[in-house]
Amino acid sequence: MTAKLPTQLTTSDAWKSLAEHYEQIKDKQLRDWFAEDAGRAETFTVDAIGLFLDYSKNRIDGETIKRLIALAESAELQPRIDAMFGGEKINITEDRAVLHTALRAPRDAKVEFEGENVVPEVHAVLDKMADFCDRITSGKWKGQTGKTIRNVVNIGIGGSDLGPVMAYEALKHYSNRDLVFRYVSNVDGTDFFEATADLDPTETLFVVSSKTFTTLETMTNARTARQWLLDGLGGDASAVAKHFVAVSTNAAKVKEFGIDTDNMFVFWDWVGGRYSMDSAIGLSTMLAIGPKNFRELLAGFHEMDTHFRTAPFDKNLPVLMGLLTVWYTNFFDAKTVAVLPYDQYLKRFPAYLQQLTMESNGKSTTLSGDRVDYDTSPIFWGEPGTNGQHSFYQLIHQGTHLIPCDFIAFANSLNPIGDHQDYLLANVIAQGEALAMGKTTKEVEGEGTDPSLVPHRVFEGNRPSNTILIDRLTPAVLGKLIALYEHSTFVQGVIWQIDSFDQWGVELGKVLAQKIIPELQSKDASLSHDGSTNQLIERYRHLKA
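Residues numbered from 1 in each chain as written. Predicted model: local features only at pLDDT ≥ 70, side-chain atom pairs only at ≥ 80, totals over all residues. Heavy atoms only, no water.

- Per an unreviewed UniProt entry, the protein carries the name Glucose-6-phosphate isomerase and comes from Novipirellula herctigrandis.
- You can read under Function (unreviewed entry) in the UniProt record for the protein the words "Catalyzes the reversible isomerization of glucose-6-phosphate to fructose-6-phosphate."
- Reading the Catalytic activity (unreviewed entry) entry of the UniProt record for the protein gives the comment "alpha-D-glucose 6-phosphate = beta-D-fructose 6-phosphate". (UniProt positions renumbered as here; feature names shortened; annotations may be inferred.)

### A word on the overall build of the protein
1) Next: Helix and strand content of the protein: 20 helices and 13 strands.
2) Next: Since a compact globule built from 545 residues should have a radius of gyration of about 24 Å, the 25 Å found for the protein is in line with a globular shape.
3) Next: Across its three principal directions, the C-alpha atoms of the protein cover 75 × 60 × 55 Å.
4) Next: The 545 residues of the protein split such that 53% are buried.
5) Next: The long-range fraction of contacts in the protein, counting pairs at least 24 apart against all pairs at least 6 apart in sequence, stands at 73%.
6) Next: With the model as given, the accessible surface of the protein reaches about 23700 Å², and the carbon-plus-sulfur share is 50%.
7) Next: Separation of charge centres in the protein, based on 53 positive and 72 negative side chains, amounts to 4 Å. (Helix = DSSP H or I, 4+ residues; strand = E, 2+ residues; numbered from the N terminus. Rg over C-alpha atoms; globule rule 2.2 N^0.38 Å. Buried < 20%, exposed > 50% of the residue type's maximum accessible area, 1.4 Å probe, protein only. Contact = heavy atoms within 4.5 Å. Areas by Shrake-Rupley, 256 points an atom, 1.4 Å probe, with all protein chains shown as cover. Lys, Arg positive; Asp, Glu negative; His and termini not counted. Charge placed at Lys NZ, Arg CZ, Asp CG, Glu CD.)

### Quick look at the domain arrangement of the protein
1) Next: Split into domains, the protein comes out as domain 1 (13-75 + 311-496), domain 2 (101-294) and domain 3 (505-544).
2) Next: When each unit is reduced to the centre of its C-alpha atoms, the spacing between domain 1 and domain 2 is 35 Å.
3) Next: Taken together, the contacts link 21 residues of domain 1 with 19 residues of domain 2.
4) Next: For the pair domain 1 and domain 2, the summed buried area comes to about 1900 Å², and 62% of that belongs to carbon and sulfur atoms.
5) Next: Three residues stand out in domain 1 for area buried against domain 2, namely Tyr 345, Tyr 352 and Pro 475, and they jointly supply 32% of the buried area on that side.
6) Next: Joining domain 1 to domain 2, the criterion identifies three salt bridges.
7) Next: In this structure, Glu 169 and Lys 347 form a salt bridge, with 3.8 Å as the shortest nitrogen-oxygen distance.
8) Next: For the pair domain 1 and domain 2, the number of links is eight residue pairs in polar contact (both at pLDDT 80 or more). (Domains from an automatic or database assignment. Buried area = accessible area lost by both parts, 1.4 Å probe. Salt bridge = Lys/Arg side-chain N within 4 Å of Asp/Glu carboxyl O. Polar contact = N/O pair within 3.5 Å; in protein donor to acceptor, adjacent residues only side chain to side chain.)

### What to know about the sheet that holds strand E9 (residues 264-265)
1) Next: Pairing is parallel across the open sheet formed by five strands, whose spatial order is E6-E5-E7-E8-E9. Two strands bound the open sheet, and with one partner strand each, they are strand E6 (180-184) and E9.
2) Next: By the bridge criterion, two bridges tie strand E8 (residues 244-247) to E9 in an arrangement that is parallel. Bridged to Ala 246 within E9 is Met 264.
3) Next: The strands touched by helix H8 (residues 189-196) are E6 and strand E7 (204-209); relative to E6, the strand with the most contacts, the crossing angle is about 175 degrees.
4) Next: Along the sheet, helix H12 (residues 283-310) contacts strand E5 (151-155), E6, E7, E8 and E9; its crossing angle with E6, the most-contacted strand, is approximately 160 degrees. (Pairing = 2+ DSSP bridges. Axes fitted to C-alpha atoms, helices over the stretch in contact; angles between N-to-C directions.)

### A closer look at the packing of aromatic side chains
1) Next: All chains considered together, the criterion is met by 28 aromatic pairs.
2) Next: Between Trp 15 and Phe 331 the ring centres are 4.9 Å apart and the planes differ by 35 degrees, which places this aromatic pair in the tilted class. Of this pair, Trp 15 sits in helix H1 (residues 13-25) while Phe 331 sits in helix H13 (residues 317-331); the two residues are 316 residues apart in sequence, bridging distant segments of the chain. With respect to class, Trp 15 is no different from Phe 331; both count as buried.
3) Next: An aromatic cluster is defined as three or more aromatic residues linked by ring pairs; in this entry it consists of Trp 15, Tyr 22, Trp 327, Tyr 328, Phe 331, Phe 332 and Tyr 374.
4) Next: The positively charged end of Arg 40 is found above the aromatic ring belonging to Phe 34, 5.3 Å away from the centroid.
5) Next: Across from the ring centre of Phe 265, 5.1 Å away, lies the NZ or CZ of Lys 128, which sits over that ring. (Phe/Tyr/Trp six-rings, centres within 6.5 Å; stacked < 30°, edge-to-face > 60°. Lys NZ or Arg CZ within 6 Å of the ring centre and 35° of its normal.)

The structure is reproduced here in structure tokens:
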């Protein structure tokens, strides 16, 4: 590692400086800050690469930002950024590089890993994906009976599902409506059944996405899909090669399944699952929106990568958003962050961010192996506006929890209808104002409110939010937004001195499930778990019988 990490975060001078500053401003009101500084909004705004970030409704002043940046510098953030982009093995627990940024590098770029430029190989896969997409959409690719493909079913889980399904929903406006796209991830048989219930096997293509081609959920669904296909096509196993393609690194397993390895699309060990949607894992996305739009998506990713790597910290979108998350998590004891996109196309974006952020930073052990003595990742959650306003916004406005919010909005709708967009934007802007400014007892009383109702209609305000305002949702803009949160998550991990790129926490339950499966399938298998687990297994056996 190039960067040298401080050994104790909470005893560092930068941390203690922030703690002292927090005590000085923790009770300061946003309405007072705005009243005292007419230029506050302009001061706390970044307008870069087509994204307008207004972070003035945060409980900060200029000194806060100065001290947060000092914290980033003491954590060696810039060297850590350079180490990531340089292909160093910063995923130390798995001894892996973290080079998802190479997936969106331009064709003429040079990104070295172990002495070799990986960009030509990345673009060779992209070109192969584009050629495949052209064969599908042109009708050159035929199924077993000679029919063209009309249905595409992506089978994956985690990063092999959340990214593709989010991107499909987000970019549906740009999608090929002659094709039907479905996504299967849950090992619950209902997921597969409902995804395929109205599909014709003769016109269906399955994209099976699994790095190892051994993932329990994915391969269970893939085998079910194989049987579904063969049942519909008379049992001819040769049909598999014409109705299945794979995104994997395990050629032997792919061939064993019956898929032609010429139709296997590879990615690399330095691509983590939750950072893989812009690799071959995005094959279904490219099929939906076409190679040109997919490359625009990648260009948006790359533009944010360049901004993150080169912009000064006080004008750096991911750095500022990452530091603000640290500020609220560790000093205001905020447990969650709400991501609230005011665009229906982004309805799956908060769910996508849940894996990105919480699988990355849901850690309690530092890079040096010590137990942390501070909180790490907050819980990320959210729904598109204005739906959320009629459900959980009550808690954000008047509940007992401090919940920082990220509002994401677009000035121009991709489907302009009447006054809809004006009403939508009026709501997102109003929510930020209401959260920040609130409504005082005096204001409520001034409206002639019944005295018994006054306490119920007071909004304390002083609840922080960011607002990201953009022209319109395009493939490039989606890439920028995803990369914004990728790098913001990395910034947080650097500050917290954790490995944001491993995910050991998902392993134990999976290992135990492999032991329990045969115990559920055999009523005679002896049990050696704790009393509760044994009881549940026995109850399942009884109900199943």
